[in-house]
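This is what each chain is made of:
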Amino acid sequence: MIELKNIAKSFGTRQVLRDVSFSIAAGEVACLIGPSGSGKSTILRTINGLERHDAGTITVDGTLLTDAALPAIRRKVSMVFQRFNLFPHRTVIENIIEGPVQVLGEDAESARLRAMELLKRVDLADRADAYPGQLSGGQQQRIGIARALAMGPQAILFDEPTSALDPERVGEVLAVMRELTQDGMTMVVVTHEISFAREVADRALFIDEGVILEDGPAREVLTAPSAERTRLFLDRVLSPL
Ligand SMILES: Nc1ncnc2c1ncn2[C@@H]1O[C@H](COP(=O)(O)OP(=O)(O)O)[C@@H](O)[C@H]1O
Ligand SMILES: [Mg+2]
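What counts and how
Starting afresh in each chain, residues are numbered from 1 along the sequence in its written order. Note on labels: chains are lettered from A, ligands numbered from 1, in written order. The predicted origin of the model limits local features to residues at a pLDDT of at least 70 and limits the giving and counting of side-chain atom pairs to 80 or more, whereas totals for whole chains, interfaces and linings rest on all residues. Excluding hydrogens and water, the side-chain figures rest on all heavy atoms present in the structure. Summary of the distance rule: residues count as near a molecule or strand when at least one heavy atom falls within 4 Å of that molecule or strand. We call two N or O atoms a polar contact when they sit within 3.5 Å, provided that within protein one can donate a hydrogen and the other can accept it, with sequence-adjacent residues counted only if both atoms are side-chain atoms. Residue-level accessible areas treat just the shown protein chains as cover; the underlying method is Shrake-Rupley with a 1.4 Å probe. Helix numbering and strand numbering both begin at the N terminus, where a helix is a DSSP run of H or I of at least 4 residues and a strand a DSSP run of E of at least 2. Side-chain classes are defined by residue name, with Ala, Val, Leu, Ile, Met, Phe, Trp, Tyr, Cys and Pro counting as nonpolar, Asp, Glu, Lys and Arg as charged, and the others, Gly among them, as polar. Whenever a helix is involved, its axis is fitted only over the stretch in contact; in every case the axis is a line through C-alpha atoms, and angles between N-to-C directions fall within 0 to 180 degrees. With respect to orientation, any angle under 35 degrees is reported as roughly parallel, any angle over 145 as roughly antiparallel, any angle of 65 to 115 as roughly perpendicular, and every other angle as oblique. Handedness of each helix crossing follows the sense of rotation of the near helix against the far helix: counterclockwise by less than a right angle gives left-handed, clockwise gives right-handed. Any pair of residues with heavy atoms lying within 4.5 Å of one another is described as a contacting pair.

**Topic: the site of ligand 1**
Phase 1 of the analysis: Close contacts around ligand 1 come from Phe11, Arg14, Val16, Pro35, Ser36, Gly37, Ser38, Gly39, Lys40, Ser41 and Thr42, and that covers them all.
Phase 2 of the analysis: At a separation of 3.2 Å, an oxygen atom of ligand 1 approaches a polar side-chain atom of Arg14.
Phase 3 of the analysis: A distance of 2.8 Å separates an oxygen atom of ligand 1 from a polar side-chain atom of Lys40.
Phase 4 of the analysis: Notes on ligand 1: free accessible area 560 Å², of which the protein chains cover 61%.
Phase 5 of the analysis: Broken down by secondary-structure element, the contributors of at least two residues to the shell around ligand 1 are β2 (14-24) and α1 (40-47).
Phase 6 of the analysis: It is α1 that provides the largest number of residues to the shell around ligand 1, a total of three residues.
Phase 7 of the analysis: A per-class count over the shell around ligand 1 returns three nonpolar, six polar and two charged.

Next comes the structure, spelled out in structure tokens:
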């Protein structure tokens, strides 16, 4: 479904991705872990065409990512952001139908009906006319997921979807994500929620300084990693004190 081959990316003189290659099969859930600044967000943003890669190829569902193919790629891959990125002056339902109406050209009434179904799915049907600022962080992120689903994507990329939440709000977002994995959605999840990743991910990739150091079954990588740096990272994440 998603294939990266030999991806390199620099910002100015600073190389942040070095020869990154991996592929994610349809229906697979992969978690991407690694220290801050290692290139995790850049990988997701590159897959979605929000950043342009310098070298290598990215293919999504058979479509090679080029400038011309950007609209097609963004239809196939939705993104969920750490800070939700909802429009503050639009209601919940307006946020959800924006993409389908503006990007996909769907008519507003059918987009609205679908949005209501998605709101039920994230258990927020009663907040359709609220503004994002009236919702908790956990609720806003569930709207972020509904908005991603509204595009009818083949895959969803999650960039630390629970990192900006109060601890007591993390579980409700992970619960929605868990349901998506059960529905067979293809997902790439950047997360520090290691126990969640162990439970739902098929694959785990560990990245450090722009290099994928480890790529294997989640249970192995997240419990008995082969690289020393992965072990040190997991120790720090699991017992920060
Ligand atoms: N738009 C940008 N311009 C310049 N440097 C950037 C930009 N985005 C990210 N970087 C740098 O690229 C590196 C990787 O960033 P990022 O992918 O955000 O890491 P992570 O998500 O793993 O914390 C960091 O050193 C970061 O400062
Ligand atoms: Mg990041």
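So much for the structure itself; the text now carries on.
**Remarks on the packing of helix α4 (residues 108-121) against helix α5 (residues 137-150)**
Phase 1 of the analysis: Taken N-terminus to C-terminus, the directions of α4 and α5 make an angle of 140 degrees; their axes are 9 Å apart at the nearest point. Classified by the interaxial angle, the pair formed by α4 and α5 is oblique. Note on packing geometry: the crossing formed by α4 with α5 is right-handed. Residues Arg114, Leu118, Leu119 and Arg121 of α4 form the contact with α5, whose own contacting residues are Ile143, Ala146, Leu149 and Ala150.
Phase 2 of the analysis: Split by residue class, the contact of α4 with α5 holds six nonpolar, no polar and two charged.

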